[in-house]
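# Understanding the architecture of this molecule
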Amino acid sequence: MKKILLISAFAALAACSPAEKTDDAAATTETAAVAAAVTAADGGPSDGAYKITGADGKVTMEDIRADGTYTATRDGEEPETGTWEQKSPESFCTKSDDEGAVQKCFAEKVDESGVWTSVDPDDGEISTIVRVIG
C-alpha cells in the first residue's frame, strides 16, 4: 500500500511540473534578447515610448515593446500595429500588420547637438524622435 501511495505522490508531483516552453515563448525570449543586444541611435534600449514629429509637424506616439511589437498612434487616425527590428543603432525597421505590408527600415542618427532624426526610406522625409519612456 505504501508503494502505491508513493507512486501516486510522484505522479501527482510530475503533473504539477511546469510545462516546457513553447516555440512562441522561445521566439519571444529570443526577440527580447536581440532587442537588448542592439541599442537605439541614442544608445538606449530600443523598446520604450517615443514622440516622433514629422516634417509636417504632426506628432506620432510609438510604443515599442520588448516582445518585438509596436503601436503607433497619430491624432485623428486609427492606431497602427506591427512588428519591429533594430538591425543596428542606425537602422530601425518596422512592418505593419496590414495585409501585404513589407518591412521598412529607417536611417537614424543622433547629431552633435543631440537631436535624434529618422529618415523615411520611401520619401526621404526627416522626422525628429524624442524618447519619452525607456
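This section reports on the structure supplied with the text. (Residues numbered from 1 in each chain as written. Predicted model: local features only at pLDDT ≥ 70, side-chain atom pairs only at ≥ 80, totals over all residues. Heavy atoms only, no water.)

### Focus on the nonpolar core
Listed in full, the 10 residues of the largest apolar core are Ala 40, Tyr 50, Ile 52, Ile 64, Tyr 70, Ala 72, Trp 84, Phe 92, Trp 116 and Ile 129. Listed by contribution, the elements that provide at least two residues to this core are strand 1 (48–53) and strand 3 (69–74). (Core = buried A, V, L, I, M, F, W, Y, C linked by side-chain atoms within 4.5 Å. Buried < 20%, exposed > 50% of the residue type's maximum accessible area, 1.4 Å probe, protein only. Helix = DSSP H or I, 4+ residues; strand = E, 2+ residues; numbered from the N terminus.)

### Topic: the sheet that holds strand 2 (residues 59–64)
Taken in spatial order, the eight strands of this closed barrel run 1-2-3-4-5-6-7-8, and their pairing is antiparallel. With direction set aside, neighbouring strand axes in the sheet form an average angle of 35°. (Pairing = 2+ DSSP bridges. Axes fitted to C-alpha atoms, helices over the stretch in contact; angles between N-to-C directions.)

### Some thoughts on the packing of aromatic side chains
Enumeration according to the criterion identifies two aromatic pairs in this entry. A ring pair is formed by Tyr 50 and Trp 116, whose centres lie 5.6 Å apart and whose planes are at 85°; its orientation type is edge-to-face. Highlighted residues: Tyr 50 in strand 1 and Trp 116 in strand 7 (residues 116–119), separated in sequence by 66 residues. For the pair Trp 84 and Phe 92, a centre-to-centre distance of 5.8 Å together with 20° between the ring planes defines the contact as stacked. This pair shows no difference in class: Trp 84 is buried, exactly as Phe 92 is. (Phe/Tyr/Trp six-rings, centres within 6.5 Å; stacked < 30°, edge-to-face > 60°.)

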